[in-house]
Amino acid sequence: MNMKMRKCSSCGEYTLKEKCPYCGMKTGNVAPPRYSPEDKYGKYRRILKKQMLSKNRG
């Protein structure tokens, strides 16, 4: 049995099971993605971060 934490994408609950015991939806891995110096999506992540910051300011 795999003992890694998992999170339900629907209700946000944490569990060790493949299926959420609360809502029955599939759970996903909680671990962050691995670091890569060839960050393919870094540009888009930075753009999104700027948009979110400007949206929060007003």
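Predicted model only: the values in this text are computed from it and were never measured.

**Student:** Hey, could you run me through the overall build of the chain in this one?
**Tutor:** Regarding its fold elements, the chain presents one helix and three strands. When the helices and strands of the chain are placed in sequence order, the string is β-β-β-α. Its C-alpha atoms give the chain a radius of gyration of 16 Å, clearly above 10 Å, the size a compact globule of 58 residues would have. Its C-alpha atoms give the chain principal-axis dimensions of about 40 × 35 × 10 Å. Taken over 58 residues, the chain has a buried fraction of 10%. Of all intrachain contacts in the chain linking residues separated by at least 6 positions in sequence, the fraction that spans at least 24 positions is 6%. Counting every atom, the chain has about 5,800 Å² of accessible surface; 55% of that belongs to carbon and sulfur. Once the 15 positive and 4 negative side-chain charges of the chain are each reduced to a mean point, those two points are 6 Å apart.

**Student:** For this particular structure, what's the right way to read the pattern of salt bridges?
**Tutor:** Where side chains of opposite charge bring their charged atoms close, a pairing between them can arise. Under the criterion given, the structure shown has two salt bridges. The closest approach of N and O atoms between Arg-6 and Glu-18, which form a salt bridge, is 3.5 Å. Note that Arg-6 is positioned in strand β1 (residues 6–8) and Glu-18 in the loop between β2 (14–15) and β3 (27–29), a separation of twelve residues in sequence. Accessibility expressed as a relative area gives 15% for Arg-6, which makes it buried. Two residues, Arg-45 and Asp-39, come together in a salt bridge whose shortest N-O distance is 2.3 Å.

**Student:** Just checking my understanding: could you explain a nonpolar patch on the surface for this structure?
**Tutor:** Taken together, the side chains of Met-3, Met-5, Tyr-14, Leu-16 and Val-30 present a nonpolar region at the surface, about 470 Å² in accessible area. Structurally, Tyr-14 can be placed in strand β2.

**Student:** In this structure, what is going on with helix α1 (residues 42–57)? I would like to understand it.
**Tutor:** A rise of 1.5 Å per residue sets the reference length of α1, with its 16 residues, at 22 Å; its end C-alpha atoms lie 23 Å apart and thus fit the reference within 8%. Little of α1 sits inside the fold, with one of its 16 residues counted as buried.

**Student:** Sorry if this is basic, but what is going on with the side chain of Thr-15 here?
**Tutor:** Position of Thr-15 relative to the elements: it lies in strand β2. For Thr-15, the side chain forms a polar contact with the main-chain nitrogen of Lys-17, separated by 3.3 Å. Not counting residues within four places of it along the chain, the set of residues in contact with Thr-15 comprises Lys-4, Met-5, Arg-6, Pro-21 and Thr-27.

Scoring rules and cut-offs
- Residues numbered from 1 in each chain as written.
- Predicted model: local features only at pLDDT ≥ 70, side-chain atom pairs only at ≥ 80, totals over all residues.
- Heavy atoms only, no water.
- Helix = DSSP H or I, 4+ residues; strand = E, 2+ residues; numbered from the N terminus.
- Rg over C-alpha atoms; globule rule 2.2 N^0.38 Å.
- Buried < 20%, exposed > 50% of the residue type's maximum accessible area, 1.4 Å probe, protein only.
- Contact = heavy atoms within 4.5 Å.
- Areas by Shrake-Rupley, 256 points an atom, 1.4 Å probe, with all protein chains shown as cover.
- Lys, Arg positive; Asp, Glu negative; His and termini not counted.
- Charge placed at Lys NZ, Arg CZ, Asp CG, Glu CD.
- Salt bridge = Lys/Arg side-chain N within 4 Å of Asp/Glu carboxyl O.
- Patch = residues over 30% accessible without salt bridge, like charges linked within 9 Å, V, L, I, M, F, W, Y side chains within 5 Å.
- Expected span 1.5 Å × (residues − 1).
- Polar contact = N/O pair within 3.5 Å; in protein donor to acceptor, adjacent residues only side chain to side chain.

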